[in-house]
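# Structural overview for review
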Amino acid sequence: MFDNRNRYGTVTRTLHWGMALLILWQFLTVGARTLAEDSALDDFMWATHRPLGAMLLVLVGIRIVWALINLRHRPPAVNPFAKAGHIALYVLLFVVPALGLARQYGSGRTFEPFGIPLFSGFEGRIDWLVEPGNLLHGSLGWTLMALVVGHIAMAYWHRKQPAQPDVLPRMWGRKD
Ligand code: HEM
Ligand code: HEM
C-alpha cells in the first residue's frame, strides 16, 4: 500500500493513473471546445469539464496529503529537474482547478457537480474571485498540458537511454 525507496505503492499508483485518465479527458474537453466549438461533441464533452475539474481538486488534495505521508520513503528523484518538474505538476494540479472553482463561486451561479449542491448561487458577482480565473485558469491549464507532455517524454527518454535509470517500473508493473 505504501511507497518504498524502489517503488511507488498501490495508493500512489491508483491516484497517479486514475488522475492521469481524468486529466486526459479534461484536456479532450478543452480540445473539443477549441477545435469544434458549439458542435454536439463540444456540448457533450464540455458538460463534464466543471464537475470533473471539481473532482480533480478533491483528488489532488488527497494526493498531496498522501505524498506528504510517504515523503521520506518514496523513490528519490533521479535529478533536481525531475524533482522540480514533479513539484510544478502538483502546484498546477491544485492551482488550475482551484482558480476555476473560485471563479465559479464568484460568478454567483449555482453549481451542482454530479447533482451535489455545492454552490447555491447568489445575486451579483465577486470580482476578486472571478478575475484571477479569467486571467490565469486557461493559460495555466495549457501550461499544465505542456508539462504533462514533457513529463511523459522524460519518462520515455529515461527508459531509452542506457546511461539513465528506467523510472517506469517505479510507477508501473511489479511492486517489490
Ligand atoms: C485539473 C482541472 C482543470 C483543467 C486541467 C482545466 C483546463 C482548462 C483549460 C486548458 C481551459 C482553456 C480553454 C481555452 O483556452 O479555451 C479551461 C477553460 C475553462 N475551465 Fe477549466 N480546467 C480544470 C478545472 C476547471 C474547474 C474546476 C472549473 C469550474 C468549476 C473550470 C471551468 C472552466 C471554464 C468556465 C472555462 C472557459 C473559460 C476559460 O477559458 O477560462 N475548469 N480549463
Ligand atoms: C496527466 C498526466 C500525469 C500527471 C499529472 C503526472 C504526474 C506525476 C507526478 C506528480 C509524479 C511524481 C510521483 C507522485 O507524486 O505521484 C509522477 C511520477 C511518474 N509518472 Fe506521471 N503523471 C502523468 C502521466 C504519466 C504518464 C502518461 C506516464 C507514462 C509514461 C507517467 C510516468 C510516470 C513515472 C514513470 C513516474 C515516476 C517518476 C520518478 O519517480 O522519477 N506519468 N507523475
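Within any chain, residue numbers begin from 1 and follow the written order of that chain's sequence. Lettering for chains starts from A, numbering for ligands starts from 1, and both go in the order in which the items are written. Given that the model is predicted, a residue must reach a pLDDT of at least 70 before its local features are reported, and side-chain atom pairs must reach 80 or more before they are shown or counted; all residues, however, enter totals for whole chains, interfaces and linings. Note that the side-chain values use all heavy atoms of the structure and ignore hydrogens as well as water.

Before going further, it helps to examine helix α5 (residues 127–160). Elements are defined by DSSP. Helices are runs of H or I of four residues or more, strands are runs of E of two residues or more, and each kind is numbered from the N terminus. Multiplying 1.5 Å by the residue count of a helix minus one yields the expected span of that helix. With 34 residues, α5 ought to run about 50 Å at 1.5 Å a step, and its terminal C-alpha atoms sit 49 Å apart, in line with that. In α5, a bend of some 40° at L136 exceeds every other bend along the element. Three exposure classes are used, based on accessible area relative to the maximum for each residue type with a 1.4 Å probe and protein chains only: buried under 20%, partly exposed in between, and exposed over 50%. Among the residues of α5, those classed as buried are L129, V130, G133, H137, G141, L144 and H158. Bend angle per residue: angle between axes fitted to the 7 residues ending at that residue and the 7 residues starting there.

As a further point, take the packing of helix α1 (residues 10–35) against helix α3 (residues 49–70). At their nearest, the axes of α1 and α3 sit 10 Å apart, and the two run at 155° to each other. When the axes of α1 and α3 are compared, the pair comes out roughly antiparallel. With respect to the hand of their crossing, α1 and α3 are arranged in left-handed fashion. On the side of α1, the interface is formed by V11, T12, L15, H16, M19, L22, I23, W25, Q26, T29 and V30, while α3 contributes H49, L52, G53, M55, L56, L59, V60, R63 and W66. Asp, Glu, Lys and Arg are counted as charged, while Ala, Val, Leu, Ile, Met, Phe, Trp, Tyr, Cys and Pro are counted as nonpolar; the rest, among them Gly, fall into the polar class. Of the residues that constitute the contact of α1 with α3, the class distribution is 13 nonpolar, 6 polar and 1 charged. Note on geometry: axes are lines fitted to C-alpha atoms, helical ones only across the stretch in contact, with angles between N-to-C directions running from 0 to 180 degrees. Note that the term roughly parallel is reserved for angles under 35 degrees, roughly antiparallel for angles over 145, roughly perpendicular for angles of 65 to 115, and oblique for everything else. Each helix crossing is assigned a hand: it is left-handed if the near helix lies turned anticlockwise from the far helix by less than a right angle, otherwise right-handed if that turn is clockwise. Should any heavy atoms of two residues lie within 4.5 Å, those residues are considered in contact.

It is worth spelling out the site of ligand 2 at this point. In the vicinity of ligand 2 there are 20 residues, among which Y8, H16, R74, Y90 and H151 approach most closely. Identification of polar contacts relies on pairs of N or O atoms within 3.5 Å, with a donor-acceptor requirement for protein atoms, meaning one able to donate a hydrogen and the other able to accept it, and with residues adjacent in sequence counted only if both atoms are side-chain atoms. H16 is positioned such that a nitrogen or oxygen atom in its side chain is 2.8 Å from a nitrogen atom of ligand 2. Interatomic distance of 2.4 Å between a side-chain N/O atom of Y90 and an oxygen atom of ligand 2. For the shell around ligand 2, the secondary-structure elements that each account for two or more residues are α1, α4 (80–106), α5 and α6 (168–171). It is α1 that contributes the most residues to the shell around ligand 2, 5 residues altogether. Residue composition of the shell around ligand 2, grouped by class: 13 nonpolar, 4 polar and 3 charged. Being near a molecule or strand, for a residue, comes down to having at least one heavy atom within 4 Å of it.

None of this, on its own, says anything about what the molecule does.
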